Amino acid sequence: MNPWGPFAVFLVVGGAWTVAWALVVLRASGPPHLYEPIYQASGRLRRLLFGATVGVLLVVLLASVGWFPYPPVAAARLGPPSVRVAVTAQMWQWTLSRTALPAGATVEFDVTSRDVNHGFAIYGPSGRLVAQVQAMPGYTNRLLVHFTDPGQYLVRCLEYCGIPHIGMATAFQVGGRGDRP
Amino acid sequence: MSRTLLTERNGPVLRTALLYLAAGFALFLAMGLLGLAMRLDHATLLPLPPALYDEFFTLHGAGMIAAILLGAMGGTVAVLSPHADLDPRLLWMGFVFYVLGVGYIPLAVLLGGFAAGWTVLYPLPLAYQAGWTPWSSFAFLLGYLFVALGFGVWCLAVTLATARAYRGVGRALGWPLVFLGRAQPAPPPLHVIVATVIALYGMGTVLVGAAYLLPLFGQTFGLTGAVSALLMKNLVFLFGHNMVNLTIYLGAGLVYATLPVYAHRPWKTSRLSAATINLLFLSILLPFFHHLYQDFANPLPFHALGEIGSYGTGLPVLLVTVLGGLTLVYRAGLRWAVPSILILIGFWGWVFGGLGALVDATIPVNQVYHNTLWVPAHFHTYYLLGAVAFVWAFFYHLVADLGQAHESAASRAAAWMYGLGGAGFVLMFFVAGAAGMPRRYAIPLSGTGEPALATLAVGFTALLGIALVWLSSDLLRALGPAWRKTLAAPEHPALAPGESRG
């Protein structure tokens with residue numbers, strides 16, 4: 001998902017809220033009006049907003065389910081993985097079972113940790129955060145990613161894991177040499 | 001709509017309230033300086049060694065939560081005190097435990113180098129190769145234990161007081177109105193119901209904290225082996241999530257008690273509002289599951305529940321509390337004062353930050369926002385511009401109510417500047433988060449625009465800082481007279497059993 005999409009929605013809705021808030025604030029002082037009619041009108045507005053908000057949230061909720069990153073849902077959307085990569089985190093390095101991946105393939109990363117919690121985060125060639133999952137000791141989290149853009153992808157740790165955390169990074173290649181078996 | 005909270009018998013309780021609020025406010029200012037240092041680091045204006053940056057965010061996170069909760073606890077006992085007789089001894093005991101706990105935190109961080117973050121995510125605190133000493137880890141966790149203990153004692157004091165005043169916990173929660181529609185006898189004011197819900201929920205939260213800390217202590221001394229990292233993560237996030245949310249709702253409770261004074265209108269205890277507050281037992285709990293999204297090993301229904309719960313929680317906040325507050329002030333002839341300005345800013349921040357939270361609570365979005373600066377962006381918004389604004393609004397209201405107000409036009413300008421500076425400050429976080437800048441990262445990541453965004457944030461922080469210095473000076477001047485006013489009030493013996501002050 002392009003992170004700027006939700007950001008734009010956030011700005012639009014947040015902006016609308018700010019305008020509504022400002023309108024009330026601007027009318028807060030001045031000669032007081034009778035409260036009861038305002039209270040009644042507010043009740044009607046509440047019922048209206050309740051219906052509208054529940055409706056919008058239900059639509060967003062249902063739409064989001066198909067985009068869940070969890071393996072059964074992701075496999076239905078992206079297709080079954082054709083490549084598997086074992087990922088092991090350990091203070092403060094990543095070990096990937098392979099670092100050259102084909103473009104256009106669905107890849108399953110089986111992510112675990114040998115010590116503390118880490119965050120396996122993939123940044124694309126454009127520097128955009130593509131996907132992530134936790135690397136947790138004692139558990140293997142399966143993350144499915146479909147790579148379309150070839151290039152070098154960076155892996156960073158996104159779960160703070162001690163002072164050298166900022167240096168915990170590695171890279172893998174998609175396409176090019178990654179297309180060769 | 002009493003103009004003053006001081007009665008002839010609640011002086012000792014109001015003194016503890018002032019103490020809680022003043023200590024919380026001082027801690028908030030100190031932790032704010034650490035926040036500024038971290039933004040200066042990202043702006044590359046004052047680069048910090050990574051170890052120091054990590055210590056700062058550990059201290060800042062733990063200290064800020066402790067500070068605002070302490071202030072909210074103080075404010076809450078103040079607004080309860082005209083309605084219920086709280087035991088000052090319990091409040092003092094809670095304060096001593098709490099402050100003792102808070103004292104361990106800087107000791108562990110600044111002397112022992114502890115820097116595992118305020119989330120102390122198991123087993124990181126015990127991974128001493130990360131750069132800290134075993135004793136500092138123990139001291140930090142001990143600090144949490146005492147803070148939780150202090151909070152637990154406070155919860156007990158509040159529950160006992162409201163249950164006694166309203167002849168039962170159910171009546172203090174407004175259940176006759178909620179479940180039977182009985183408006184007689186008069187239900188408790190909304191802030192009493194909030195305090196009772198939070199106190200009950202808070203005692204459960206303390207138990208969750210203990211369940212998290214005990215295995216850590218056991219392992220520290222070699223008494224127990226390793227436990228499930230997933231279980232421990234779920235526990236610590238349940239504890240932390242609760243503590244933060246309890247603070248926010250305590251802040252909202254203060255608004256119920258304060259805003260009517262400035263709007264000259266009553267905030268009635270309606271069946272809907274009382275039921276909504278009782279729903280906090282669920283609406284605080286359910287969104288907790290959104291902390292688990294990235295732990296794919298958790299059951300899928302947990303994740304779905306996190307999204308549903310997060311969406312659901314937004315509804316009562318927006319449609320009952322915030323809409324109720326805005327209705328109260330709409331064409332009310334509102335008296336513009338520092339508290340009323342801060343409360344209105346708080347409504348804006350609570351909803352704006354809540355929107356940021358809803359976006360992040362949408363699971364596909366969380367894939368690209370989790371653990372980026374979007375996370376501090378949204379919680380700073382509904383904290384700094386929500387709960388914090390509510391709590392300091394009440395602090396200002398209380399000292400003005402008890403003592404002599406030092407408010408001037410400049411004070412009101414400072415209150416607005418707090419909102420403006422705060423809004424600019426958090427917006428930079430939002431942009432950097434969407435650009436993929438990780439949180440808890442000692443260096444700005446190239447390609448995220450972070451040095452420039454952090455530089456702008458520092459500028460907005462300057463506005464915030466000027467506003468806080470001005471408001472602090474008002475508070476400082478009013479605090480002494482307020483304290484003396486509580487000493488002057490005659491004190492009477494406690495209520496007879498069964499006698500209600502409601």
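Calculation rules
- Numbers given for residues are sequential positions, taken from 1 along each chain in its written order.
- All chains are assigned letters beginning at A, and all ligands numbers beginning at 1, according to the order in which they are written.
- At least 70 in pLDDT is required for a residue's local features to be given in this predicted model, at least 80 for side-chain atom pairs to be given and counted, and no such filter applies to totals for whole chains, interfaces and linings, which use all residues.
- Domain start and end points were adopted from an automatic or database domain assignment.
- Under the scheme used here, helices are H or I runs from DSSP no shorter than 4 residues and strands are E runs no shorter than 2 residues, and both carry numbers assigned from the N terminus.
- Counts of 20 or more other C-beta atoms within 10 Å of a residue's own C-beta define buried residues, counts of 12 or fewer define exposed ones, and intermediate counts define partly exposed ones; C-beta atoms are placed from the backbone.
- A pair of residues counts as a contact when their C-beta atoms, built from backbone coordinates, are separated by no more than 7 Å.
- When DSSP finds two or more bridges between a pair of strands, those strands are recorded as paired.
- Every axis corresponds to a line fitted to the C-alpha atoms, with the helix fit spanning only the stretch in contact, and the corresponding angles, defined between N-to-C directions, vary from 0 to 180 degrees.
- Residues are grouped as follows: nonpolar covers Ala, Val, Leu, Ile, Met, Phe, Trp, Tyr, Cys and Pro; charged covers Asp, Glu, Lys and Arg; every other residue, Gly included, is treated as polar.
- Think of a nonpolar core as buried Ala, Val, Leu, Ile, Met, Phe, Trp, Tyr and Cys residues chained together by C-beta atoms that fall within 7 Å.
- Residue count minus one, scaled by 1.5 Å, sets the expected span of a helix.
- A residue's bend is the angle separating two fitted axes: one through the seven residues that end there, the other through the seven that start there.

**Some points on the domain arrangement of chain A**
Next, step 1: Along its sequence, chain A is organised into domain 1 (4-65) and domain 2 (71-179).
Next, step 2: One C-alpha centre belongs to domain 1 of chain A, the other to domain 2 of chain A; they are set 40 Å apart.

**A look at the environment of M91 of chain A**
Next, step 1: As for its placement among the helices and strands, M91 of chain A is situated in the loop between β1 (83-90) and β2 (93-96).
Next, step 2: With 19 C-beta atoms packed within 10 Å, M91 of chain A lands in the partly exposed category.
Next, step 3: When the C-alpha positions of M91 of chain A and G162 of chain A are compared, they lie 8.2 Å apart, and in sequence the two are 71 residues distant.
Next, step 4: Those residues within four positions of M91 of chain A in sequence are excluded, and the remaining contacts are D115, V116, C161 and G162 of chain A together with A127, Q129 and A130 of chain B.

**A closer look at unusual backbone geometry**
Glycine aside, residues mostly have negative phi, and peptide bonds are mostly found in the trans state.
Next, step 1: Of the consecutive residues M91 of chain A and W92 of chain A, the connecting peptide bond is found in the cis state with omega at -5°.
Next, step 2: Along the polypeptide, W92 of chain A turns up in the loop between β1 and β2.
Next, step 3: Here Q184 of chain B and P185 of chain B are connected by a cis peptide whose omega angle stands at -5°.
Next, step 4: Locating P185 of chain B in the fold gives a position in the loop between α6 (175-180) and α7 (190-220).
Next, step 5: The backbone phi angle of V120 of chain B is positive, close to 35°, even though this residue is not glycine.
Next, step 6: Among the structural elements, V120 of chain B can be located in the loop between α3 (88-111) and α4 (134-165).
Next, step 7: We classify V120 of chain B as buried; it has 24 C-beta atoms within 10 Å.
Next, step 8: Not every positive phi belongs to a glycine, and H264 of chain B is a case in point at roughly 55°.
Next, step 9: Relative to the elements of secondary structure, H264 of chain B occurs in the loop between α8 (229-263) and α9 (271-278).

**Here's the deal with the sheet that holds strand β8 (residues 151-157) of chain A**
Next, step 1: Spatially, β3-β9-β8-β5-β6 (chain A) is the arrangement adopted by the five strands of the open sheet, whose pairing is mixed. The strands lining the two open edges of the sheet, one partner per strand, are β3 (100-101) and β6 (129-135) of chain A.

**Description of the sheet that holds β2 of chain A**
By definition, the strands of a sheet pair up through backbone hydrogen bonds, in either a parallel or an antiparallel sense.
Residues and elements named next belong to chain A.
Next, step 1: The four strands lie next to each other as β2-β1-β4-β7, forming an open sheet whose pairing is mixed. Each of the sheet's edge strands pairs with one partner strand only, and the pair in question is β2 and β7 (141-146). Shown here is a sheet whose adjacent strand axes are inclined to one another by a mean of 25°, direction ignored.
Next, step 2: Sheet analysis places β1 next to strand β4 (residues 106-113), joined by seven bridges and oriented parallel. Along β4, the bridge assignment pairs A86 with D110.
Next, step 3: Packed on one face of the sheet, helix α3 (residues 71-78) meets β4 and β7 and runs near 15° to β7.

**Here we look at the interface of chain A and chain B**
Next, step 1: Contact with chain A, which involves 63 residues of that partner, is made by 65 residues of chain B.
Next, step 2: The set of elements that each furnish at least two residues to the side of chain A that touches chain B consists of α1 (4-26), α2 (35-65), β5 (118-123), β6 and β7 of chain A.
Next, step 3: The dominant element in the side of chain A that touches chain B, judged by the number of residues it contributes, is α2 of chain A, at twelve residues.
Next, step 4: Here the side of chain A that touches chain B is built from residues that sort into 40 nonpolar, 16 polar and seven charged.

**Side note on the nonpolar core**
Next, step 1: Core analysis: the biggest nonpolar cluster contains 242 residues, and I68, V194, L342, F390, V391, F395 and L398 of chain B have the highest contact counts within it.
Next, step 2: Here this core spans two domains, and each of domain 1 (4-65) and domain 2 (71-179) of chain A adds at least three residues to it.

**Remarks on helix α14 (residues 374-402) of chain B**
Next, step 1: If you check α14 of chain B, its first and last C-alpha atoms are 40 Å apart, about what 29 residues at 1.5 Å a residue would give, namely 42 Å.
Next, step 2: At A389 of chain B, α14 of chain B shows its largest kink, close to 40°.

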